[in-house]
Amino acid sequence: MIDLIKLQNLALADIAAATEALFTGGNVTTWRANMASIIARQHAAATIAGVGERSFTGRIRAWLARFTPRALPAADRNRLERTVRDQLRYLEGFAADVVRGEMSEAQIKARAGLYAGAARATYSAARWGDYLLPFHPGDGGTPCLVNCRCTWDVQPGDEETLAYWRLSDVEHCEGCVSRANANPYPVRSAT
Amino acid sequence: MTDLLDIQAARKRSVTAGDLSEATGPHAVIVGPGNLFAGLPGGEYAQAGLPPVGSPRRDWALSNTPYMESMWAAAIFKAISKQVALGFRIEDETDSALRIRRAQQIIIGYDGAYTTGLQRGLQDFLLTDFGMVLEVARVSNARGSRIAGLFHLDALRCMATGDPERPIVYQSLDGAYHLLSAEQVVRITDMPSPRGHMRGYGMCAASRAWPTILKLAAVEIYFREKITGSRNLAIHIINGISDQQLRDALSSSEEMRNARGFVLYKGSTLIPMIRPDAPAVVTIPLAEVPDGFDVDQERRDSYLRIANAIGVAVQDIQPLSGQGLGTGTQSVVLADAAEGYGLAAWRTAWEHVVTHFILPSSTTFHLATSNSREEQDKAAVLSTRAGAMKTLVEAGIVTAAQALNILVDSGDIDKAFLPQDVTEAGVVEDDEKVTMAAERPEPAEPLPPPAPQITAEKATPYEVESIIDRELAAAMEWVRLVVTDE
């Protein structure tokens, strides 16, 4: 079972180091490249962990991914590339704002830190990639945005598969409460 | 949204659950147990031949009433413009500038512009039994997703499904049908019917004023035709004069219609008769006001009925002119009384809808109603209450700090002046929200000044696949660090 908080903290530490380097004689190009690497690393880790938790076959695929990215199922790899591409698009806008000089050091650090939380949705999509779920925690569709701590609980049944949106032991935004109130969600297989 | 009672869950425990039908798609308004044909309201035709109560055809007729009668149109215009001119105020208990700004953007952007959206919505509220319909467009179909904007929906293109979770089907102009969930649509109806089968249809101002509108329109049309001679309003049989004599007497440069046996002159039919009696006239009226009809009095009565139907003070429709001071004083009393009914009820409903169903839990919306008289009243109340507090403090009944707490609780003094509210969470008004202490985020620290200039070289495009391939090994290391055995 993946500890998403730990993963987030690993990314946060590297992001903080890269951003600090920016303010101590660095340049935006280097910072941008480092941020891109950290983002790709975090989302790849989330995808691999999600695939590994899905099934025994998934665990094997996840282990093999260290040697070749083609070990990951095509759907997961495509999703990973799409996600990283989207994140890097946001990073481009962020970099442009940094170059314009409209943000303070604290603002830049705070905004950079937001990128660390985006992997939660990536992990959820990979973990439950066998099902067509309507949304995922941390996908930006609720007011809590990337700070969402909710999880899916998919229960396959003989006649139908039901998914439950589970609230964790923290305070929740109205969006997540609303999602939980709509339980259960009948879901179909992705294949 | 405010953390309200889950009405849908509560309704499933209610005996009225049997009144509901499940709308599984837009077709539910056409077929299925709760469809329009099965659930049509009683087919009673209203007075003066309006289509049945609770039918779209009736709403179509009612919504066109401003084009029938100009005083009614002016009254509707005055009522609506008065609400639009009020403006609004947004408050956030956490003083979050971000939340207030976001709320303001949503409200200002109502149907493109707040004043436009409100005018369109209020016309439907006053002129259709279906009521005012507001779409809450969200960024995704996921429940609880963020609000993208508010839009007016044409009540004549909305159909009630009878399913409270999916209450309305909207037909857009491209012909598509859209089934809207309870999170996507809000409806404010005037006097919603207590009958279960009416699906929320009410009785709008136009419904209440329909007979008066017809009468006013008829009076105006009669006098217009009488003055312009554009319609035959009477037949006069004139005795003792020949046809030729009459024509010679009435010949004029205007267009005359020449028909055998009678003459049409300026809207009256004149039939000459040759009889050996003295000249005389017998008139057969085809349309006229009844004996004793006092136009001024009828109009005054009509204005009062219109004002009552809309729910405004009568002097909003018919300003005072030429009356004495006593009438002016009565006017002030009537205006104050009008604040307690009619469109004041719409204002409350609008504030509730925006505050509790659209804005976040710590943000409230108020229509601005301040005017100089109200400000004077507030000052008078504050003076009286402060005097009472002074007396209590001097008598040793309460301390100065407790008196301050009482004045904050009553809204006379801003709560920012109170270090600690010892009477917290005692009372909440309908236009307030209670934000628990745990929900209030810590205020943000002030930001430091901008960083020194940062240099940058020209950015190269990302090669996503290469970046991912390069980071896979490091990603595996992270997976090893974060995966537990649970």
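Residues numbered from 1 in each chain as written. Chains lettered and ligands numbered in written order. Predicted model: local features only at pLDDT ≥ 70, side-chain atom pairs only at ≥ 80, totals over all residues. Heavy atoms only, no water.

Draft legend 1. View of the overall build of chain B. Helix and strand counts for chain B stand at 13 helices and 13 strands. Counting over 486 residues, chain B shows a buried share of 35%. Excluding contacts between residues fewer than 6 apart, the proportion of contacts in chain B whose partners are at least 24 apart in sequence is 63%. Working note: accessible area of chain B is about 28,300 Å², and carbon and sulfur atoms make up 56% of it. (Helix = DSSP H or I, 4+ residues; strand = E, 2+ residues; numbered from the N terminus. Buried < 20%, exposed > 50% of the residue type's maximum accessible area, 1.4 Å probe, protein only. Contact = heavy atoms within 4.5 Å. Areas by Shrake-Rupley, 256 points an atom, 1.4 Å probe, with all protein chains shown as cover.)

Draft legend 2. Examining the environment of B:Asp154 more closely. Residue placement: B:Asp154 occurs in the loop between β3 (147–153) and β4 (158–160). In contact with B:Asp154, not counting residues within four places along its chain, are B:Asp124 and B:Tyr170.

Draft legend 3. Local environment of the nonpolar core. One finds B:Trp72, B:Leu126, B:Ile310, B:Trp346, B:Trp350 and B:Ile358 to be the most contacted residues of the largest nonpolar core, which totals 50 residues. With residues near it in sequence (within four places) discarded, B:Trp72 still touches B:Thr65, B:Pro66, B:Leu127, B:Ala205, B:Ala206, B:Ala209, B:Ile213, B:Ile306 and B:Ile310. Listed in part, the 48 residues of the second largest apolar core include A:Trp31, A:Ala95, A:Met103 and A:Ala126. (Core = buried A, V, L, I, M, F, W, Y, C linked by side-chain atoms within 4.5 Å.)

Draft legend 4. Expanded view of the packing of aromatic side chains. Considering all chains together, one arrives at 13 aromatic pairs over all chains under this definition. Ring centres of A:Trp31 and A:Phe94 lie 5.1 Å apart, and the angle between their planes is 85°; on these two criteria the pair is classed as edge-to-face. Highlighted residues: A:Trp31 in helix α2 (residues 28–54) and A:Phe94 in helix α4 (residues 74–100), separated in sequence by 63 residues. The interplanar angle of 90° and the centroid separation of 6.4 Å between the aromatic rings of B:Trp350 and B:Phe365 together place this pair among those described as edge-to-face. Residue B:Trp350 is located in helix α10 (residues 343–358), and its partner B:Phe365 is located in strand β13 (residues 363–367); the two are separated by 15 residues in the primary sequence. Grouping residues by exposure puts B:Trp350 and B:Phe365 together as buried. Cation over ring: A:Arg127 sits above A:Trp128, and NZ or CZ is 4.0 Å from the ring centre. Of note, A:Arg179 hangs over the ring of A:Phe135, and the distance from its end group to the ring centre comes to 3.9 Å. (Phe/Tyr/Trp six-rings, centres within 6.5 Å; stacked < 30°, edge-to-face > 60°. Lys NZ or Arg CZ within 6 Å of the ring centre and 35° of its normal.)

Draft legend 5. Layout of the side chain of A:His43. Of note, A:His43 is situated in helix α2. A polar atom in the side chain of A:His43 sits 2.7 Å from the side chain of A:Thr122. (Polar contact = N/O pair within 3.5 Å; in protein donor to acceptor, adjacent residues only side chain to side chain.)

Draft legend 6. Summary view of the sheet that holds strand β6 (residues 177–180) of chain B. Residues and elements named next belong to chain B. Taken in spatial order, the 3 strands of this open sheet run β4-β5-β6, and their pairing is antiparallel. Each edge of the open sheet is held by one strand with a lone partner, namely β4 and β6. Geometrically, the sheet is characterised by an average inter-axis angle of 25° between neighbouring strands, direction not taken into account. As defined by bridge partners, β4 adjoins strand β5 (residues 168–171) across 3 bridges and the pair is classed as antiparallel. From the neighbouring strand, methionine 159 faces β5, where its bridge partner is valine 169. (Pairing = 2+ DSSP bridges. Axes fitted to C-alpha atoms, helices over the stretch in contact; angles between N-to-C directions.)

Draft legend 7. Expanded view of the pattern of salt bridges. Tallying each qualifying case throughout the model produces 27 salt bridges over all chains. For A:Asp130, the salt bridge identified is with A:Arg54, shortest N-O distance 3.7 Å. Separated by 76 residues along the polypeptide, A:Asp130 in the loop between α6 (119–127) and β1 (151–155) and A:Arg54 in helix α2 bring together distant segments of the chain. The residue A:Arg77 makes a salt bridge to B:Asp469 at a minimum N-O spacing of 3.0 Å. On the criterion of chain membership, the pair formed by A:Arg77 in helix α4 and B:Asp469 in helix α13 (residues 464–482) is interchain, its members lying in two chains. Since its relative accessible area comes to 10%, A:Arg77 is described here as buried. Taking the relative accessible area as the measure of exposure, B:Asp469 reaches 34% and is therefore partly exposed. By sharing partners, the salt bridges in this structure join A:Asp14, A:Arg41, B:Arg470 and B:Glu471 into a single network. (Salt bridge = Lys/Arg side-chain N within 4 Å of Asp/Glu carboxyl O.)

Draft legend 8. Structural view of a nonpolar patch on the surface. A contiguous nonpolar patch, built from A:Phe56, A:Ile60, A:Trp63, A:Leu64 and A:Phe67 and spanning about 560 Å² of accessible area, is present on the exposed surface. Assignment of secondary structure puts A:Trp63 in helix α3 (residues 56–64). (Patch = residues over 30% accessible without salt bridge, like charges linked within 9 Å, V, L, I, M, F, W, Y side chains within 5 Å.)

Draft legend 9. Main features of unusual backbone geometry. Following A:Asn183, the chain continues into A:Pro184 via a peptide bond in cis, with omega recorded as -10°. Phi at B:Arg199 is positive, roughly 50°, even though this residue is not glycine. By the element assignment, B:Arg199 lies in the loop between β7 (185–188) and α6 (205–228).

Draft legend 10. Expanded view of the pairing of strand β2 (residues 161–166) of chain A. Residues and elements named next belong to chain A. In terms of residue burial, β2 counts as a mostly covered element, since 5 of its 6 residues are buried. Where β1 meets β2, 5 bridges bridge the pair, whose relative direction is antiparallel. Residue tryptophan 152 lies in a different strand from β2, and its bridge partner there is tryptophan 165. The hairpin formed by β1 and β2 contains 5 residues between the paired strands. As judged from the 3 bridges shared by β2 and strand β3 (residues 185–187), these two strands associate in the antiparallel manner. In the strand pairing of β3, alanine 163 is matched with tyrosine 185.

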